[in-house]
Amino acid sequence: MRKSKYYDNSSYEGTDDSAEQNVVKVFNLFNRKQLDNLLGCEDLDAHLRNRLQTLINNTKLGDLNINSKEDKMTIEQGYHPDMFQGDFRIFEKEKPFRINQRGIELEKLGDSVPIFIRELNSFNTFSSEASIKNFSMLLNDIFQKGVTLANQTYSPTMIDQLSQDQIIQDSAKFVLLLSEDFLKQPILFADCKSFDQIFSKILARNFDYENEYPLLMGLSYFLFVKLSKLFSENLNLYYIMEKMMAIIFDQAPIVHFEFVIFLSLMKFYEEGTLTNKHKGIVNILSDLKLERMSEIFYRCCSHIVGVSQ
Amino acid sequence: MDVCMDKLEGIIVYFLRNIYLTEKSSDNYLFIEMFFDVISKKKSLISEKCPDALVPIFFKCIRLISITSIFRETSDLQLQLLEIVKFIWINQKEKIFSLGRELVRACQELFKVPELNFMIEELNCEYDGIKLYKKLLNNEYSEPKLNPQNLILVQIPPLLDQYSNYILNSASKFNFNRHLVWMMKRVGLEKNTITESILIDYIRYILIKMDDSTNGEPDKVYRWHILGCVFKHLKSEIYRTLAKQALFFDWLNYSGCSREYKYFEPTWLTILNSINKYREMSEELLDFLFLYAKE
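Residues numbered from 1 in each chain as written. Chains lettered and ligands numbered in written order. Predicted model: local features only at pLDDT ≥ 70, side-chain atom pairs only at ≥ 80, totals over all residues. Heavy atoms only, no water.

## Description of the overall build of chain B
Here is step 1 of the chain: Along the backbone of chain B there are 16 helices and 2 strands.
Here is step 2 of the chain: Here chain B holds 295 residues, and the buried ones make up 62% of them.
Here is step 3 of the chain: Restricting to contacts in chain B with at least 6 residues of sequence separation, those with at least 24 account for 72%.
Here is step 4 of the chain: Carbon and sulfur atoms form 52% of the exposed surface of chain B, whose accessible area is close to 11900 Å². (Helix = DSSP H or I, 4+ residues; strand = E, 2+ residues; numbered from the N terminus. Buried < 20%, exposed > 50% of the residue type's maximum accessible area, 1.4 Å probe, protein only. Contact = heavy atoms within 4.5 Å. Areas by Shrake-Rupley, 256 points an atom, 1.4 Å probe, with all protein chains shown as cover.)

## Thoughts on the overall build of chain A
Here is step 1 of the chain: From N to C terminus, chain A includes 16 helices and 2 strands.
Here is step 2 of the chain: Across the 309 residues of chain A, 51% fall into the buried class.
Here is step 3 of the chain: As displayed, chain A has an accessible area near 15200 Å², and 49% of this comes from carbon and sulfur atoms.

## Points about the nonpolar core
Here is step 1 of the chain: Counting 196 residues, the largest nonpolar core has A:Phe27, A:Phe174, B:Phe36, B:Tyr202 and B:Trp251 as its most contacted members.
Here is step 2 of the chain: Looking at this core, the element that brings in the most residues is helix H13 (residues 235-251) of chain A, giving 11 residues.
Here is step 3 of the chain: Every residue in contact with B:Phe36, bar those within four places of it in the chain, is listed here: B:Leu16, B:Ile19, B:Lys60, B:Cys61, B:Leu64, B:Leu77, B:Gln80, B:Leu81 and B:Ile84. (Core = buried A, V, L, I, M, F, W, Y, C linked by side-chain atoms within 4.5 Å.)

## Here we look at the packing of helix H2 (residues 26-49) of chain B against helix H4 (residues 76-91) of chain B
Residues and elements named next belong to chain B.
Here is step 1 of the chain: Contact pair H2 / H4: the axes reach a minimum separation of 10 Å and the direction vectors enclose 25°. Put simply, H2 runs roughly parallel to H4. Like other packed secondary-structure pairs, H2 and H4 cross with a definite hand, here left-handed. Contacts between H2 and H4 pair Tyr29, Ile32, Glu33, Phe36, Asp37, Ile39, Ser40, Lys43, Ser44 and Ser47 from the former with Asp76, Leu77, Gln80, Leu81, Glu83, Ile84, Phe87 and Asn91 from the latter. (Axes fitted to C-alpha atoms, helices over the stretch in contact; angles between N-to-C directions. Parallel < 35°, antiparallel > 145°, perpendicular 65-115°, else oblique. Left-handed = near helix turned anticlockwise from the far one by under 90°.)

## Brief notes about the packing of aromatic side chains
Here is step 1 of the chain: Using the criterion set out here, one finds 25 aromatic pairs over all chains in the structure.
Here is step 2 of the chain: Relative to A:Phe222, the ring of A:Phe135 lies with its centre 5.4 Å away and its plane at 25°, an arrangement referred to as stacked. Here A:Phe135, found in helix H8 (residues 132-150), pairs with A:Phe222, found in helix H12 (residues 219-233); they are 87 residues apart in sequence, far enough to count as distant.
Here is step 3 of the chain: Given the relative accessible area of 0%, A:Phe222 is considered buried.
Here is step 4 of the chain: Summarising the aromatic geometry, the rings of B:Phe248 and B:Trp251 are spaced 5.2 Å apart at their centres and angled 85° between planes, so their arrangement reads as edge-to-face. Here B:Phe248 and its partner B:Trp251 are both found in helix H14 (residues 237-252), 3 residues apart, which amounts to about one turn of the helix.
Here is step 5 of the chain: What links up through ring pairs into an aromatic cluster is the set A:Tyr221, A:Phe224, A:Phe249, A:Phe259, A:Phe262 and A:Phe297.
Here is step 6 of the chain: Against the face of B:Phe87 rests B:Lys43, its NZ or CZ located 5.4 Å from the ring centre. (Phe/Tyr/Trp six-rings, centres within 6.5 Å; stacked < 30°, edge-to-face > 60°. Lys NZ or Arg CZ within 6 Å of the ring centre and 35° of its normal.)

## Points about the environment of A:Leu223
Residues and elements named next belong to chain A.
Here is step 1 of the chain: For leucine 223, the location among the structural elements is in helix H12.
Here is step 2 of the chain: When the C-alpha positions of leucine 223 and methionine 241 are compared, they lie 9.3 Å apart, and in sequence the two are 18 residues distant.
Here is step 3 of the chain: Discounting residues that sit within four places of it in the chain, leucine 223 has contacts with Met241, Met245, Ile248, Val255 and Phe259.

## Brief notes about helix H9 (residues 164-178) of chain A
Here is step 1 of the chain: Taking 1.5 Å of rise per residue, 15 residues should cover 21 Å, and H9(A) covers 21 Å from first to last C-alpha, within 8% of that figure.
Here is step 2 of the chain: What H9(A) keeps buried is the set A:Gln164, A:Ile167, A:Ile168, A:Ser171, A:Ala172, A:Phe174, A:Val175, A:Leu176 and A:Leu178. (Expected span 1.5 Å × (residues − 1).)

## Examining the pattern of salt bridges
All names here are of chain B.
Here is step 1 of the chain: What the rule picks out here adds up to 20 salt bridges over all chains.
Here is step 2 of the chain: In this structure, the salt-bridge partner of arginine 240 is glutamate 284, at a minimum N-O distance of 2.9 Å. Remark: glutamate 284 occurs in helix H16 (residues 279-294) and arginine 240 occurs in helix H14; sequence separation between them is 44 residues.
Here is step 3 of the chain: The class of arginine 240 is buried, set by a relative accessible area of 13%.
Here is step 4 of the chain: Salt bridges sharing partners connect three or more residues here, namely Arg63, Arg101, Glu102, Arg105, Asp201, Arg204 and Asp250. (Salt bridge = Lys/Arg side-chain N within 4 Å of Asp/Glu carboxyl O.)

## With respect to H13(A)
Every α-helix winds through 3.6 residues per turn, so residues three or four apart in the chain are directed the same way.
Here is step 1 of the chain: The first and last C-alpha atoms of H13(A) sit 24 Å apart over 17 residues, in line with the 24 Å expected at 1.5 Å per residue.
Here is step 2 of the chain: Counting buried residues in H13(A) gives 14 out of 17 residues, a clear majority hidden from the surface.

## Overview of unusual backbone geometry
Here is step 1 of the chain: In this structure, B:Asn192 takes a positive phi of about 60° despite not being glycine.
Here is step 2 of the chain: The class for B:Asn192 is exposed, based on a relative accessible area of 54%.

## Topic: the confidence of the model for chain A
Residues and elements named next belong to chain A.
Here is step 1 of the chain: Looking at chain A as a whole, its pLDDT mean stands at 72, while 70% of the residues score no less than 70.
Here is step 2 of the chain: Element-level pLDDT for chain A is lowest in helix H4 (residues 69-77), with a mean of 40, against a maximum mean of 88 in helix H7 (residues 121-128).
Here is step 3 of the chain: For residues 1-16, every residue scores under 50 in pLDDT, and the model assigns this stretch 38 contacts once sequence neighbours within four places are set aside.
Here is step 4 of the chain: Under a pLDDT of 50 for its full length, residues 60-87 has, in the predicted model, 62 contacts with residues more than four places off or in other chains. (pLDDT = per-residue confidence, 0-100.)

## Here we look at the confidence of the model for chain B
Here is step 1 of the chain: Averaged over every residue, the pLDDT of chain B is 84; residues scoring 70 or more account for 93%.
Here is step 2 of the chain: Here the prediction assigns the complex a pTM of 0.58, and the interface score ipTM is 0.81.

## Section: the state of the cysteines
Residue and element names in this part refer to chain A.
Here is step 1 of the chain: What the rule picks out here adds up to 0 disulfides over all chains.
Here is step 2 of the chain: No disulfide involves cysteine 301; its sulfur sits 6.7 Å from that of cysteine 300, the nearest cysteine.
Here is step 3 of the chain: In this structure cysteine 301 comes out as buried when scored by relative accessible area, which is 8%. (Disulfide = S-S within 2.5 Å.)

Here it is, written out as structure tokens:
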């Protein structure tokens, strides 16, 4: 029988999982906080709460048969909360002078940091040590705040409150101001005679080496990985970041350009046409899936007014 | 000739989109009968010149059959529809499979129609070691033009489509209720009547075809707002059950594809965000989900 040429999951061989197992898997995709909130709702019927509790316990206990092809595919394509644990150690390590530099920028910003950011607990951690790891946590909290606002129900009382849109705008501005020194670094492509040289320049902006191990230097790679990480872990937060990225792309074209370069590197890597010089660095990108990253990138771009498909 | 055939397909789809059953209007019923009479007479020509048009015709027919079969009516119209369905199934079976998951969903209600048992039996057959309906649940045969997202439009009158786009892109969550009620009035939707059947496919349309708008307005309407409102609007018990099936159909048949999150999210947010104000609705949905998954 003819199979559509547009069907791209050719390795998929169907599943015999029961509907109940599938529902557990769907619940596994949802934000854990939302599930806990629902369970914590006192008005909810006790019988339903018990059913939900059982279901969530099942999910937590990892009752899923992770050896099945279907689950492997889920994990491969994202959303599995455990997927990235322990990966991307690059977030953990960066040169102290970068942390200090970021701290100085933060001090310069002073009171101009939006109040809603300053009110977050993770902001204190970030201001005491402005590392990329703490920055990642701060962004998570900011996005969580945005999601909470978006989840206001039918008769919202948020007219006088901060809107989600405002949160996105302000956080994009905050990220840009915080990374001003990185964004201002000039890149001179005039003397570049090949793609290879362009790659070298972009990679030098984003990474530094310590004993052959690349350390994170720049904003673009951090955002690139962060997008993928959120896409896999928490779609609710991801949607906010997607919109924030659109603003960053719009206002800092260099980040937009660097994303394209990362995608090109991944593409060359996949095709096996990358020069040996860059192979080491691209190993970091190999944790990401080109197809998915391209889709994420396209989704971010689609928010920018005036950028067509 | 190709251009003419494209036009013919467009015209057929336009007529199909305007076909839905209403309680009162006999004119409407006459129009439906006349239309399918023409299709029945010209089906061989359409199959030869414009085979892609047969897929939306097939989908419309099986949806109409399932709606009328609920009331156990065997009318001339139903016989005509059955004849068209059989013809298309025999001649353009592979194209029909592009309906994917929507075909399986529609067939859930066709178990009650003995004349269509041959379809159900074939869906249970194995191809390459996998049952056909399982392949369909994974939309294996969909193509860019013929895919469930586009074909669901056949069930949605153009006004609903246009106005839903307006609501998602330009209305605010403070007034979208009024827009929705007005829209339903314009289409002739009345509570506790057969017209509520449109809302079942409308729910599918919201889930699989529509996207949340990205215009960044703070008060923008999300898909779950619309789903909550539509579900509140449904009064007939039969259609409420079918609506719940439509909401959770993807949950039960989750294939592991990350893109399916789009289908789960609005239903999930409807449950989550209605828990305070419309607790009964959230409970009803959760209760149904547990039962449906068990069955």
